[in-house]
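This is what each chain is made of:
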Amino acid sequence: MKLATFGCSFTSHLYPTWADMLGARFDQHLNLAQCGSGNRCIATKVFDFCLDGAKDPREWVVIVEWSGFNRWDFPTGIQKWFTPGNANYVRWRPDEKIFVDRYLNLEGELDSQLALMLAAHRLLKATEFRHSLFTSMERLDVGLDELNEEARGYVRAKMAKVVDDLVEPSITDFTHSHPENRRYHVQELDMNDGHPTITQHAAYLTKILLPRLTATLGFELRMPTQAAVERAQAIY
(Lines give C-alpha, C1' and ligand atoms only; values in the text may rest on other atoms or scores of the structure.)
Protein backbone atom coordinates (compact mmCIF):
# COMPACT_ATOMS: atom_id res chain seq x y z
CA MET A 1 0.00 0.00 0.00
CA LYS A 2 1.26 3.48 -0.93
CA LEU A 3 0.60 6.88 0.65
CA ALA A 4 0.42 10.30 -1.02
CA THR A 5 0.21 13.41 1.16
CA PHE A 6 -0.50 17.03 0.18
CA GLY A 7 -0.41 20.25 2.16
CA CYS A 8 1.80 23.05 3.46
CA SER A 9 4.42 23.13 6.23
CA PHE A 10 1.99 21.35 8.55
CA THR A 11 2.67 18.30 6.36
CA SER A 12 6.26 18.85 5.20
CA HIS A 13 8.56 20.74 7.56
CA LEU A 14 12.13 20.88 8.87
CA TYR A 15 11.33 18.06 11.30
CA PRO A 16 9.07 14.98 11.05
CA THR A 17 5.34 15.67 10.76
CA TRP A 18 2.29 13.41 11.00
CA ALA A 19 2.88 12.60 7.31
CA ASP A 20 6.41 11.29 7.88
CA MET A 21 5.28 9.19 10.84
CA LEU A 22 2.36 7.75 8.88
CA GLY A 23 4.39 7.29 5.71
CA ALA A 24 6.80 4.99 7.51
CA ARG A 25 3.94 2.50 7.82
CA PHE A 26 3.39 2.27 4.05
CA ASP A 27 5.42 0.58 1.34
CA GLN A 28 5.93 3.94 -0.37
CA HIS A 29 5.31 7.53 0.75
CA LEU A 30 5.06 10.36 -1.77
CA ASN A 31 4.97 13.66 0.14
CA LEU A 32 3.96 16.40 -2.30
CA ALA A 33 3.42 19.04 0.40
CA GLN A 34 5.41 22.27 0.18
CA CYS A 35 6.08 24.92 2.82
CA GLY A 36 4.03 28.06 2.32
CA SER A 37 1.54 26.40 -0.02
CA GLY A 38 -1.94 27.78 -0.40
CA ASN A 39 -4.97 25.87 -1.57
CA ARG A 40 -4.50 26.70 -5.25
CA CYS A 41 -1.13 24.93 -5.28
CA ILE A 42 -2.39 22.04 -3.15
CA ALA A 43 -5.50 21.48 -5.29
CA THR A 44 -3.52 21.56 -8.53
CA LYS A 45 -1.16 18.89 -7.19
CA VAL A 46 -4.15 16.74 -6.19
CA PHE A 47 -5.62 17.15 -9.70
CA ASP A 48 -2.34 16.10 -11.31
CA PHE A 49 -2.04 13.09 -9.03
CA CYS A 50 -5.60 11.86 -9.60
CA LEU A 51 -5.39 12.31 -13.36
CA ASP A 52 -2.07 10.48 -13.67
CA GLY A 53 -3.00 7.29 -15.46
CA ALA A 54 -0.03 5.52 -13.88
CA LYS A 55 -1.51 5.83 -10.37
CA ASP A 56 -3.72 2.84 -9.54
CA PRO A 57 -6.37 3.93 -6.97
CA ARG A 58 -6.35 0.41 -5.52
CA GLU A 59 -2.72 0.89 -4.46
CA TRP A 60 -2.87 4.42 -3.00
CA VAL A 61 -4.21 6.25 0.02
CA VAL A 62 -4.40 10.05 -0.34
CA ILE A 63 -4.43 12.55 2.53
CA VAL A 64 -4.88 16.27 1.88
CA GLU A 65 -4.23 19.02 4.41
CA TRP A 66 -5.78 22.29 3.26
CA SER A 67 -4.14 25.59 4.15
CA GLY A 68 -5.27 29.20 4.73
CA PHE A 69 -7.26 31.34 2.27
CA ASN A 70 -4.94 34.35 2.43
CA ARG A 71 -2.11 32.66 0.52
CA TRP A 72 -1.13 33.26 -3.07
CA ASP A 73 0.71 30.62 -5.11
CA PHE A 74 2.60 31.26 -8.33
CA PRO A 75 3.45 28.51 -10.86
CA THR A 76 7.05 28.94 -11.98
CA GLY A 77 7.30 25.97 -14.35
CA ILE A 78 5.92 22.50 -14.95
CA GLN A 79 4.88 21.23 -11.51
CA LYS A 80 6.99 23.96 -9.88
CA TRP A 81 5.54 26.54 -7.50
CA PHE A 82 6.63 29.67 -5.67
CA THR A 83 4.75 29.52 -2.37
CA PRO A 84 5.56 32.59 -0.24
CA GLY A 85 2.90 31.84 2.40
CA ASN A 86 0.53 34.31 4.04
CA ALA A 87 0.21 37.19 1.57
CA ASN A 88 -0.50 39.65 4.38
CA TYR A 89 2.83 38.97 6.09
CA VAL A 90 5.23 38.41 3.19
CA ARG A 91 7.92 41.08 2.84
CA TRP A 92 6.98 42.08 -0.71
CA ARG A 93 9.12 44.47 -2.72
CA PRO A 94 7.47 47.89 -3.13
CA ASP A 95 6.39 47.13 -6.71
CA GLU A 96 5.04 43.72 -5.65
CA LYS A 97 3.14 45.21 -2.72
CA ILE A 98 1.27 47.56 -5.03
CA PHE A 99 0.06 44.54 -6.99
CA VAL A 100 -0.87 42.57 -3.85
CA ASP A 101 -2.74 45.50 -2.26
CA ARG A 102 -4.67 46.05 -5.47
CA TYR A 103 -5.66 42.49 -6.29
CA LEU A 104 -5.64 40.37 -3.11
CA ASN A 105 -9.34 40.10 -2.28
CA LEU A 106 -10.58 37.86 0.54
CA GLU A 107 -14.05 37.47 -0.96
CA GLY A 108 -12.62 36.33 -4.29
CA GLU A 109 -10.06 34.05 -2.67
CA LEU A 110 -12.67 32.34 -0.51
CA ASP A 111 -14.88 31.80 -3.55
CA SER A 112 -12.21 30.48 -5.92
CA GLN A 113 -10.28 28.39 -3.38
CA LEU A 114 -13.42 26.72 -2.02
CA ALA A 115 -14.33 25.80 -5.60
CA LEU A 116 -10.89 24.22 -6.08
CA MET A 117 -11.12 22.35 -2.76
CA LEU A 118 -14.59 21.03 -3.59
CA ALA A 119 -13.43 19.98 -7.06
CA ALA A 120 -10.49 18.11 -5.53
CA HIS A 121 -12.80 16.31 -3.09
CA ARG A 122 -15.13 15.24 -5.89
CA LEU A 123 -12.27 14.16 -8.15
CA LEU A 124 -10.84 11.95 -5.40
CA LYS A 125 -14.24 10.32 -5.01
CA ALA A 126 -14.80 9.95 -8.76
CA THR A 127 -11.40 8.33 -9.29
CA GLU A 128 -12.04 6.07 -6.27
CA PHE A 129 -8.86 6.90 -4.38
CA ARG A 130 -9.20 6.11 -0.71
CA HIS A 131 -8.68 9.45 0.93
CA SER A 132 -8.99 11.66 3.98
CA LEU A 133 -9.03 15.45 4.19
CA PHE A 134 -8.45 17.97 6.97
CA THR A 135 -7.34 21.57 7.41
CA SER A 136 -4.52 23.30 9.24
CA MET A 137 -6.78 26.26 10.05
CA GLU A 138 -8.29 26.77 13.48
CA ARG A 139 -11.56 27.92 11.86
CA LEU A 140 -12.40 27.31 8.24
CA ASP A 141 -14.86 30.21 8.31
CA VAL A 142 -12.26 32.77 9.39
CA GLY A 143 -12.78 36.00 7.47
CA LEU A 144 -16.47 35.51 6.73
CA ASP A 145 -17.42 38.27 9.15
CA GLU A 146 -15.63 40.75 6.89
CA LEU A 147 -17.97 40.01 3.96
CA ASN A 148 -21.31 41.63 3.28
CA GLU A 149 -24.42 39.62 4.09
CA GLU A 150 -25.07 38.40 0.53
CA ALA A 151 -21.48 37.31 -0.05
CA ARG A 152 -21.29 35.70 3.39
CA GLY A 153 -24.35 33.54 2.69
CA TYR A 154 -23.04 32.51 -0.73
CA VAL A 155 -19.59 31.56 0.57
CA ARG A 156 -20.97 29.81 3.65
CA ALA A 157 -23.17 27.57 1.47
CA LYS A 158 -20.18 26.56 -0.64
CA MET A 159 -18.05 26.10 2.47
CA ALA A 160 -20.61 23.72 3.99
CA LYS A 161 -20.05 21.30 1.11
CA VAL A 162 -16.31 21.30 1.80
CA VAL A 163 -16.69 20.99 5.58
CA ASP A 164 -18.82 17.87 5.20
CA ASP A 165 -15.74 16.00 3.94
CA LEU A 166 -13.22 17.24 6.51
CA VAL A 167 -11.84 15.42 9.52
CA GLU A 168 -12.59 17.34 12.70
CA PRO A 169 -11.00 18.87 14.67
CA SER A 170 -8.38 20.60 12.52
CA ILE A 171 -4.75 20.06 13.48
CA THR A 172 -4.43 23.64 14.81
CA ASP A 173 -7.68 23.32 16.73
CA PHE A 174 -6.50 20.05 18.21
CA THR A 175 -2.96 21.04 19.16
CA HIS A 176 -3.48 24.58 20.32
CA SER A 177 -6.96 25.79 21.13
CA HIS A 178 -9.44 22.94 21.18
CA PRO A 179 -11.54 23.14 24.39
CA GLU A 180 -11.03 19.41 24.91
CA ASN A 181 -7.31 19.68 24.29
CA ARG A 182 -6.30 18.11 27.58
CA ARG A 183 -8.68 15.21 27.08
CA TYR A 184 -6.47 14.23 24.16
CA HIS A 185 -3.43 14.35 26.47
CA VAL A 186 -1.60 16.94 24.42
CA GLN A 187 0.55 18.66 26.99
CA GLU A 188 2.51 21.06 24.78
CA LEU A 189 -0.07 23.80 24.42
CA ASP A 190 2.42 26.40 23.16
CA MET A 191 3.05 26.24 19.43
CA ASN A 192 6.56 26.07 18.02
CA ASP A 193 6.76 29.15 15.72
CA GLY A 194 3.13 28.55 14.82
CA HIS A 195 3.70 24.92 13.85
CA PRO A 196 2.81 21.79 15.83
CA THR A 197 5.75 20.14 17.57
CA ILE A 198 6.79 16.56 16.78
CA THR A 199 4.89 15.33 19.83
CA GLN A 200 1.77 17.22 18.75
CA HIS A 201 1.99 15.79 15.25
CA ALA A 202 2.14 12.30 16.77
CA ALA A 203 -0.84 13.03 19.00
CA TYR A 204 -2.97 14.31 16.11
CA LEU A 205 -2.06 11.29 14.01
CA THR A 206 -2.83 8.87 16.82
CA LYS A 207 -6.03 10.42 18.17
CA ILE A 208 -7.64 11.90 15.06
CA LEU A 209 -6.25 10.70 11.73
CA LEU A 210 -5.59 7.02 12.41
CA PRO A 211 -9.12 6.20 13.60
CA ARG A 212 -10.50 7.79 10.41
CA LEU A 213 -7.97 5.95 8.25
CA THR A 214 -8.75 2.64 9.91
CA ALA A 215 -12.36 3.07 8.85
CA THR A 216 -11.30 4.12 5.34
CA LEU A 217 -8.82 1.30 4.79
CA GLY A 218 -10.66 -1.49 6.53
CA PHE A 219 -7.60 -2.47 8.55
CA GLU A 220 -5.72 -0.90 11.44
CA LEU A 221 -2.40 0.88 11.10
CA ARG A 222 0.07 0.72 13.97
CA MET A 223 0.46 3.86 16.07
CA PRO A 224 3.88 5.55 16.28
CA THR A 225 5.57 4.38 19.48
CA GLN A 226 6.35 6.88 22.19
CA ALA A 227 10.01 5.88 21.98
CA ALA A 228 10.10 6.70 18.26
CA VAL A 229 8.54 10.11 18.88
CA GLU A 230 10.99 10.88 21.66
CA ARG A 231 13.94 9.89 19.45
CA ALA A 232 12.74 12.23 16.70
CA GLN A 233 12.18 15.02 19.24
CA ALA A 234 15.71 14.62 20.58
CA ILE A 235 17.26 14.82 17.10
CA TYR A 236 15.42 18.01 16.12
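About the thresholds
Counting restarts for each chain: residues are numbered from 1 in the order of the written sequence. Only residues with pLDDT of at least 70 are given local features in this predicted model, and only at 80 or more are side-chain atom pairs given and counted; all residues enter the totals for whole chains, interfaces and linings. Hydrogens and waters are ignored; side-chain quantities use all the structure's heavy atoms. Strands are runs of DSSP state E lasting at least 2 residues, helices are runs of H or I lasting at least 4, and numbering of each runs from the N terminus. In this scheme, a helix's expected span is set at 1.5 Å multiplied by one less than its residue total. Partly exposed residues are those whose accessible area sits between 20% and 50% of the maximum for their type, while under 20% is buried and over 50% is exposed, using a 1.4 Å probe and protein chains only. Two residues form a contact once any of their heavy atoms are found within 4.5 Å. Lines fitted to C-alpha atoms define the axes here, with helix axes fitted over just the stretch in contact, and angles between the N-to-C directions of these axes take values from 0 to 180 degrees. Note that the term roughly parallel is reserved for angles under 35 degrees, roughly antiparallel for angles over 145, roughly perpendicular for angles of 65 to 115, and oblique for everything else. We call a crossing left-handed when the near helix sits turned anticlockwise from the far one by less than a right angle, and right-handed when that turn is clockwise. Note on residue categories: nonpolar means Ala, Val, Leu, Ile, Met, Phe, Trp, Tyr, Cys or Pro, charged means Asp, Glu, Lys or Arg, and polar means any other residue, Gly included. What we call a nonpolar core is a set of buried Ala, Val, Leu, Ile, Met, Phe, Trp, Tyr and Cys residues that are connected through their side-chain atoms within 4.5 Å. Every case where a carboxyl oxygen of Asp or Glu lies within 4 Å of a side-chain nitrogen of Lys or Arg is listed as a salt bridge.

Novice: Would you mind showing me how to read helix α2 (residues 39-50) here?
Specialist: The periodicity of an α-helix, 3.6 residues per turn, causes residues three or four places apart in sequence to face the same way. The end-to-end C-alpha separation of α2 is 16 Å, in line with the 16 Å expected for 12 residues at 1.5 Å each. Taking burial as the measure, the 12 residues of α2 include nine buried ones, the bulk of the element. Among all positions of α2, only Asn-39, Cys-41, Ile-42, Ala-43, Lys-45, Val-46, Phe-47, Phe-49 and Cys-50 are buried. On its buried face, α2 is in contact with β1 (2-6), β2 (28-31), β3 (60-66), β5 (80-82) and α4 (106-126).

Novice: How should I be thinking about the packing of α4 against helix α5 (residues 149-163) in this particular structure?
Specialist: How two helices pack is summed up by the angle between their axes together with the distance between the axes. Running from N to C, α4 and α5 cross one another at 20°; their axes reach a closest spacing of 9 Å. With respect to each other, α4 and α5 are oriented roughly parallel. Pair α4 / α5 crosses with left-handed handedness. Across the interface between the two elements, Glu-107, Leu-110, Asp-111, Leu-114, Ala-115, Met-117, Leu-118, His-121 and Arg-122 from α4 touch Ala-151, Tyr-154, Val-155, Lys-158, Met-159, Lys-161 and Val-162 from α5. The residue makeup of the contact of α4 with α5, split by class, is 10 nonpolar, one polar and five charged.

Novice: It is not clear to me how the nonpolar core should be interpreted in this structure. Could you clarify?
Specialist: Counting residues in hydrophobic clusters, the biggest one holds 27 residues, and the most contacted among them are Phe-6, Val-62, Val-64, Trp-66 and Leu-124. The set of elements that each furnish at least two residues to this core consists of β1, α2, β3, α4 and α5. The element that contributes the greatest number of residues to this core is α4, accounting for seven residues. The next biggest cluster of nonpolar side chains, apart from the first, holds 24 residues, and it includes Cys-8, Ala-19, Val-167 and Leu-205.

Novice: What's the story with the pattern of salt bridges in this structure? I'm lost.
Specialist: Close approach of charged atoms allows side chains with opposite charge to pair. Counted according to the given criterion, the structure contains nine salt bridges. As a salt-bridge pair, Asp-56 and Arg-58 come within 2.9 Å of each other at their nearest N and O atoms. In this structure, Asp-165 engages Lys-125 in a salt bridge whose closest nitrogen and oxygen atoms are separated by 3.1 Å. One end of the pair, Asp-165, is in the loop between α5 and α6 (171-177); the other, Lys-125, is in helix α4, and 40 residues separate them in sequence. By relative accessible area, which is 19% here, Asp-165 ends up buried. Classification of Lys-125 by relative accessible area gives partly exposed; the value is 47%. Salt bridges sharing partners connect three or more residues here, namely Arg-93, Asp-95 and Glu-96.

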